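# Survey of secondary and tertiary structure
Each chain, letter by letter, is given below.
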Amino acid sequence: MKKNSKFAEKYQESMKNMSDRGYSEPVPDHDRMRDDGKVWYLPHHAVVREDKPEKMRIVFDCAARCQDVSLNDCLLQGPEHTNMLLDVLLRFRTENVAFTADIEGMFNQVKVPNTDRDLLRFLWWKGGDYSSGIIEHHRITVHPFGAKSSPSIACHALRETAAEHGSDLSPEARRTVLENFYVDDVLKSTSDEATAISLIQELKILCQ
């Protein structure tokens, strides 16, 4: 960070964005000294795609090992809730008017229970000021990208959303969530534009 001020600025901005959105929080004082074996610290680093150099993603390494154990070693992967990609693509080609969309930060839309958040701790400088030398303890409040359990949990949450709230909307909206999503991407075709626009609006409401 000292060598690259732009890198440091983006890293700080990404961390602040996580906090502002409620994706992370300071470890409460009463949990700081928790000693029941359910505390884990995750290292983190930045990933920048060559085709999108202006965009940075902070990755928390759930596969990092300490004394030959990683967090992912201790997590269950969970059942496979993802639709087959071939099925989604074939359904996508059945009608005349098509649309695609994705759920923004899908894993981050699913909260981790308070009792489990100390397994997702990380260290960060106070206020993002790495020159201060003041280290704070934080923890992730949502399912992070890179955790072995996150894909199954996020897909389960999406399907449960359709099951619990789908009756408030059209049957087609519920069916779209169950059959036309590939993880966080929806690929859907309809008979005409009016139907597509109506369905898009319903999907937004349902996912909210």
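Residues numbered from 1 in each chain as written. Predicted model: local features only at pLDDT ≥ 70, side-chain atom pairs only at ≥ 80, totals over all residues. Heavy atoms only, no water.

## Some remarks on the overall build of the protein
Each helix and strand counted, the protein has six helices and 10 strands in total. Taken over the C-alpha atoms alone, the protein extends approximately 60 × 40 × 30 Å along its principal axes. Evaluated residue by residue, the protein yields a buried proportion of 32% over its 208 residues. Put simply, 71% of the contacts in the protein that link residues at least 6 apart link residues at least 24 apart. Just so you have it, the protein exposes about 13,100 Å², and 52% of that area is on carbon and sulfur atoms. (Helix = DSSP H or I, 4+ residues; strand = E, 2+ residues; numbered from the N terminus. Buried < 20%, exposed > 50% of the residue type's maximum accessible area, 1.4 Å probe, protein only. Contact = heavy atoms within 4.5 Å. Areas by Shrake-Rupley, 256 points an atom, 1.4 Å probe, with all protein chains shown as cover.)

## Remarks on the sheet that holds strand β6 (residues 97–102)
Hydrogen bonds along the backbone pair up the strands of a sheet, which may run parallel or antiparallel. The strand order across the open sheet built from three strands is β6-β10-β9, with neighbouring strands paired in antiparallel fashion. Looking at which strands have only one partner, the edges of the open sheet turn out to be β6 and β9 (181–182). Here β6 pairs with strand β10 (residues 185–190) via six bridges, running antiparallel. Within β10, the position partnered with A98 by the bridge is S189. On the sheet, helix α3 (residues 85–92) packs against β6, β9 and β10 and is oriented at approximately 30° with respect to β10. (Pairing = 2+ DSSP bridges. Axes fitted to C-alpha atoms, helices over the stretch in contact; angles between N-to-C directions.)

## Regarding the pattern of salt bridges
Inspection of the entire model under this criterion finds 14 salt bridges. A salt bridge links D73 to R65, with the nearest nitrogen and oxygen atoms 2.8 Å apart. Judged by its relative accessible area of 43%, D73 falls in the partly exposed class. The residue D118 makes a salt bridge to R121 at a minimum N-O spacing of 2.9 Å. When sorted by exposure, D118 lands in the same class as R121, which is buried. Connected through shared salt-bridge partners, E25, D31, R34, D36, R117, D118, R121 and R139 make up one network. (Salt bridge = Lys/Arg side-chain N within 4 Å of Asp/Glu carboxyl O.)

## Things to note about unusual backbone geometry
Its identity is not glycine, yet D68 carries a phi of approximately 65°, on the positive side. The exposure class of D68 is exposed, given its relative accessible area of 60%. Even without being glycine, V183 reaches a positive phi, approximately 55°. Within the secondary structure layout, V183 lies in the loop between β9 and β10.

## Side note on helix α1 (residues 5–20)
The end-to-end C-alpha distance of α1, which contains 16 residues, comes to 22 Å, matching closely the 22 Å that a straight helix rising 1.5 Å per residue would cover. The complete set of buried residues in α1 reads A8, Y11, S14, M15 and M18. Relative to the axis of α1, the buried residues are bounded by an arc of 130° and lie together on one face. Exposed residues on α1 whose side chains face more than 90 degrees from its buried face are S5, K6, E9, E13, K16 and D20. Elements that come into contact with the buried residues of α1 comprise β1 (24–26), β2 (44–48), β3 (56–60) and β7 (121–125). The N-cap of α1, judged by a side-chain oxygen 3.2 Å from the amide nitrogen of K6 a few residues on, is N4. In the stretch just after α1, G22 is the one whose phi turns positive, near 80°. (Expected span 1.5 Å × (residues − 1). Arc of directions from axis to C-beta. Polar contact = N/O pair within 3.5 Å; in protein donor to acceptor, adjacent residues only side chain to side chain.)

## Details of the packing of aromatic side chains
In the structure shown here, the tally under the stated rule is six aromatic pairs. The interplanar angle of 25° and the centroid separation of 6.2 Å between the aromatic rings of F107 and F145 together place this pair among those described as stacked. One end of the pair, F107, is in the loop between β6 and β7; the other, F145, is in the loop between β8 (135–140) and α4 (150–165), with 38 residues separating them in the sequence. Overall, the relative accessible area of 14% leaves F107 in the buried class. Under the relative-accessibility criterion, F145 is labelled partly exposed at 46%. Three or more aromatic residues joined by ring pairs form one cluster here, namely F7, Y11, W124, W125 and Y130. One cation-aromatic arrangement involves R57 over F145; the distance from NZ or CZ to the ring centre is 4.4 Å. (Phe/Tyr/Trp six-rings, centres within 6.5 Å; stacked < 30°, edge-to-face > 60°. Lys NZ or Arg CZ within 6 Å of the ring centre and 35° of its normal.)

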